[in-house]
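# Commentary on secondary and tertiary structure
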Amino acid sequence: MIDVSHQISAVRRTLGDRVIEEKEARVLTISQVYDTDVDDLWDACTNPERIPRWFLPVSGELKLGGKYQLEGNAGGTVERCDPPKSFAATWEMHGGVSWIEVRLTPEGDGTRFELEHVAHVDDHWDQFGPGAVGIGWDGALVGLVLHLATPGTTVDPEAAMAWMMSPEGIRFMTASNEAWYEADVAAGADPAKARAAADNTLRAYTTPPES
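Residues numbered from 1 in each chain as written. Predicted model: local features only at pLDDT ≥ 70, side-chain atom pairs only at ≥ 80, totals over all residues. Heavy atoms only, no water.

### What about the environment of Lys23?
The line we're drawing: Counting from the N terminus, the helices are the DSSP runs of H or I reaching at least four residues and the strands are the DSSP runs of E reaching at least two. Contacts: residue pairs with any heavy atoms within 4.5 Å of one another.
Structurally, Lys23 is set in strand S2 (residues 23-34). Expressed as a C-alpha distance, the spacing of Lys23 and Glu158, which sit 135 residues apart in the sequence, is 38 Å. Ignoring sequence-local partners within four residues, the contact set of Lys23 consists of Arg18 and His120.

Okay, here's the thing in structure tokens:
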């Protein structure tokens with residue numbers, strides 16, 4: 001499916017802090033350069049016909065002020081939009097609200113896709129750390145890699161889930177989780193607590209669901 005080592009090393013991952021609505025929040029940023037121009041990458045990220053080919057089926061209105069819903073995942077409201085440079089939206093799931101922003105910038109012969117995910121610090125963060133959402137975003141970037149390499153293909157959710165639980169998929173999740181652990185420590189987290197959280201995340205991702 002992909003070269004796991006190459007994909008992990010092609011991605012930048014950083015963590016930071018911010019105050020949102022007078023509460024402490026963590027800022028997770030993930031980015032990768034794609035071999036395409038800004039307009040094409042913008043279309044891949046905002047066209048409801050292309051988004052399901054690499055991410056998830058989406059419904060709603062993908063415009064400023066519009067509400068969207070990703071099938072089986074988050075929904076929210078588009079809060080800012082500056083084509084073809086950036087957009088921002090709420091990310092609402094399981095009764096909680098966090099925020100995402102996507103920025104596209106030319107870099108070399110390609111375009112850098114950068115996603116920022118901001119979430120309040122809570123018990124879930126303390127237990128699982130950045131890998132809980134970071135592994136998922138790493139997987140989304142893989143989908144985008146495959147889509148841009150072969151634009152006519154569409155990600156099969158069942159096949160993607162099967163790959164994630166394959167030896168190669170588990171190696172990918174393990175490497176992604178380790179990279180987020182390293183980003184957590186680099187951002188100032190206590191190494192022992194960061195390791196415990198990363199171990200919890202990897203178990204959650206790699207333990208097969210009960211039938």
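### Some thoughts on the packing of helix H7 (residues 167-186) against helix H8 (residues 191-206)
Our working rule: To obtain an axis, a line is fitted to C-alpha atoms, over the contacting stretch when the element is a helix, and the angle between two such axes runs from 0 to 180 degrees between their N-to-C directions. Roughly parallel here means an angle under 35 degrees, roughly antiparallel means over 145, roughly perpendicular means 65 to 115, and every remaining angle is called oblique. A crossing counts as left-handed when the near helix is turned anticlockwise from the far one by less than a right angle, and as right-handed when that turn is clockwise. Throughout, the ten residues Ala, Val, Leu, Ile, Met, Phe, Trp, Tyr, Cys and Pro are labelled nonpolar, Asp, Glu, Lys and Arg are labelled charged, and all others, Gly among them, are labelled polar.
For the pair H7 and H8, interaxial distance at closest approach is 10 Å and the crossing angle is 160 degrees. Relative to H8, H7 is oriented roughly antiparallel. H8 is crossed by H7, and the crossing has right-handed handedness. Note on element contacts: H8 touches H7 through Pro191, Ala194, Arg195, Ala198, Thr201, Leu202, Tyr205 and Thr206, opposite Ile170, Met173, Thr174, Asn177, Glu178, Tyr181, Asp184 and Val185. Within the contact of H7 with H8, the residues separate by chemical class into nine nonpolar, four polar and three charged.

### A short note on the pairing of strand S6 (residues 86-93)
Within a regular strand, the side chains alternate between the two sheet faces. The condition is simple: Summary of the burial criterion: residues with accessible area below 20% of their type's maximum are buried, those above 50% are exposed, and those between are partly exposed, where the area comes from a 1.4 Å probe applied to protein chains only. Should DSSP find at least two bridges between two strands, the strands are taken to pair.
With six of eight residues buried, S6 is to be regarded as a mostly interior element. From the end of strand S5 (residues 75-82) to the start of S6, which pair antiparallel, there are three residues. For S6 and strand S7 (residues 96-107), the ladder comprises eight bridges, and the chain directions are antiparallel. Bridge pairing in S7 places Ala89 opposite Ile100. Once S6 ends, the chain turns through two residues before running back antiparallel as S7, passing His94 with a positive phi of about 55 degrees.

### Points about the sheet that holds strand S4 (residues 67-70)
Taken in spatial order, the eight strands make up an open sheet running S1-S2-S8-S7-S6-S5-S4-S3, and their pairing is antiparallel. Looking at the sheet topology across the chains shown, the edges are occupied by strand S1 (12-20) and strand S3 (58-60). Averaged over all neighbouring strand pairs, the angle between strand axes comes to 25 degrees, with direction disregarded. Both S7 and strand S8 (residues 110-120) contribute to a ladder of nine bridges, which runs antiparallel. Among the inter-strand pairings, Glu107 is bridged to a residue of S8, identified as Gly110. In the packing of helix H5 (residues 131-149) onto the sheet, contacts are made with S1, S2, S6, S7 and S8, and the angle to S2 comes to roughly 25 degrees. Contacts from H7 reach S1 and S2, with the element oriented near 50 degrees to S1.

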